[in-house]
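Examining the three-dimensional arrangement
Listed below are the residues making up each chain.
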Amino acid sequence: MDDRDIRNTLGNFCTGVVIATGFVDGKPAGFAAQSFLSLSLDPALVGLSPAKTSTSWPLLRESGSFCINILSSHQKPVCDRFAQSGVDKFEGLEWQSGVTGSPVLADVLAYIDCELVAEHDAGDHTIAVGHIKELKVCKSEGLPLLFFKGAYGAFSVS
Ligand SMILES: Cc1cc2nc3c(=O)[nH]c(=O)nc-3n(C[C@H](O)[C@H](O)[C@H](O)COP(=O)(O)O)c2cc1C
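A short tour of the structure in this document, coming up. (Residues numbered from 1 in each chain as written. Predicted model: local features only at pLDDT ≥ 70, side-chain atom pairs only at ≥ 80, totals over all residues. Heavy atoms only, no water.)

1. Here's the deal with the site of the ligand
Threshold: Near is defined per residue: the residue qualifies when any heavy atom it owns lies within 4 Å of the molecule or strand. Polar contacts, as counted here, are pairs of nitrogen or oxygen atoms within 3.5 Å of one another; within protein the pair requires one atom able to donate a hydrogen and one able to accept it, and residues that are adjacent in sequence qualify only if both atoms are side-chain atoms. Calculation of accessible area relied on Shrake-Rupley with a 1.4 Å probe; when residues are assessed, cover is drawn exclusively from the protein chains displayed. Amino acid classes used here: Ala, Val, Leu, Ile, Met, Phe, Trp, Tyr, Cys and Pro are nonpolar; Asp, Glu, Lys and Arg are charged; the rest, including Gly, are polar.
For the ligand, the set of nearby residues contains 18 residues, the closest of which are S35, S54, T55, S56 and S85. The separation between an oxygen atom of the ligand and a polar main-chain atom of A32 is 2.8 Å. Here S35 contributes a side-chain N or O atom positioned 2.6 Å from an oxygen atom of the ligand. For the ligand, whose free accessible area comes to 640 Å², the fraction covered by protein is 82%. Split by residue class, the shell around the ligand holds nine nonpolar, eight polar and one charged.

So this is what it looks like as structure tokens:
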């Protein structure tokens, strides 16, 4: 079993795509992720798995909060932008502050703004746990951006 086997097999699990954002030292930060998961209703907890190589996650950690922005089907360009490292990802992008101060991006399906309450080690990633402070469905009729076997697509009802 090598890295390729793991990627090829786990790529069969279709996910949505989120942008995890934060605001620290007067600047917004964020990165694209598929590792978002719902964890608990009571208390209201969600999870996210940042790579230890992420340059944005330490900024979100420092801010003590993060906002999960669930991308709409037409937001692949936003995903592409936030999947890069070391660029100004927010240039020309519309957003407003959530209750924690973390950016809520324009046009997302929904957002979940959280306080960071725990972070667990997990190999070359960590598992960050967020306590939900505010959440909203922004587009009740919208469709999600999906990620499957390394490609993007949209959901259709059968
Ligand atoms: C569809 C998709 C899913 C991703 N999922 C994750 C993820 O769950 N965790 C993570 O740390 N990086 C994930 N990435 C990679 C980061 O977005 C990428 O490494 C980014 O450049 C990190 O930026 P940063 O250095 O500013 O943190 C994903 C990328 C894509 C395109």
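Past the structure itself, the notes keep going.
2. Quick look at a nonpolar patch on the surface
As a reminder of what qualifies: The patches reported here contain residues having more than 30% relative accessible area and no salt bridge. Joining distances are 9 Å for like charges and 5 Å for nonpolar side chains (Val, Leu, Ile, Met, Phe, Trp, Tyr). By salt bridge we mean one thing: a side-chain nitrogen of Lys or Arg within 4 Å of a carboxyl oxygen of Asp or Glu. To qualify as a helix, a DSSP run of H or I must reach at least 4 residues; to qualify as a strand, a run of E must reach at least 2; elements of each kind are numbered from the N terminus.
Residues M1, I6 and L10 make up a contiguous nonpolar surface patch of roughly 390 Å² in combined accessible area. With respect to the helices, strands and loops of the structure, I6 is situated in helix α1 (residues 3-10).

3. Here we look at the sheet that holds strand β5 (residues 45-48)
Put simply, the test is: The rule for pairing is simple: two strands pair if DSSP sees at least two bridges between them. Every angle, taken between N-to-C directions, lies between 0 and 180 degrees, and every axis is a line fitted to C-alpha atoms, over only the stretch in contact when it is a helix.
Taking strand neighbours across the sheet as the criterion, the seven strands line up as β3-β2-β6-β9-β10-β5-β4 in an open arrangement whose pairing is antiparallel. The open sheet has two free edges, formed respectively by β3 (27-33) and β4 (37-40), since each of these has just one partner strand. The sheet shows a mean angle of 35° between the axes of neighbouring strands, taken without regard to direction. Direction of pairing for strand β2 (residues 18-24) relative to strand β6 (residues 65-70): antiparallel, over a ladder of four bridges. Bridge pairing in β6 links T21 to C67.

4. Digging into the pairing of strand β12 (residues 151-154)
Taken together, the four bridges between strand β11 (residues 145-148) and β12 define a ladder with antiparallel strand orientation. Residue pairing in the sheet places L146 in a bridge with G153 of β12. Counted along the chain from β11 to the antiparallel partner β12, the turn is two residues long, and its residue K149 has a positive phi close to 50°.

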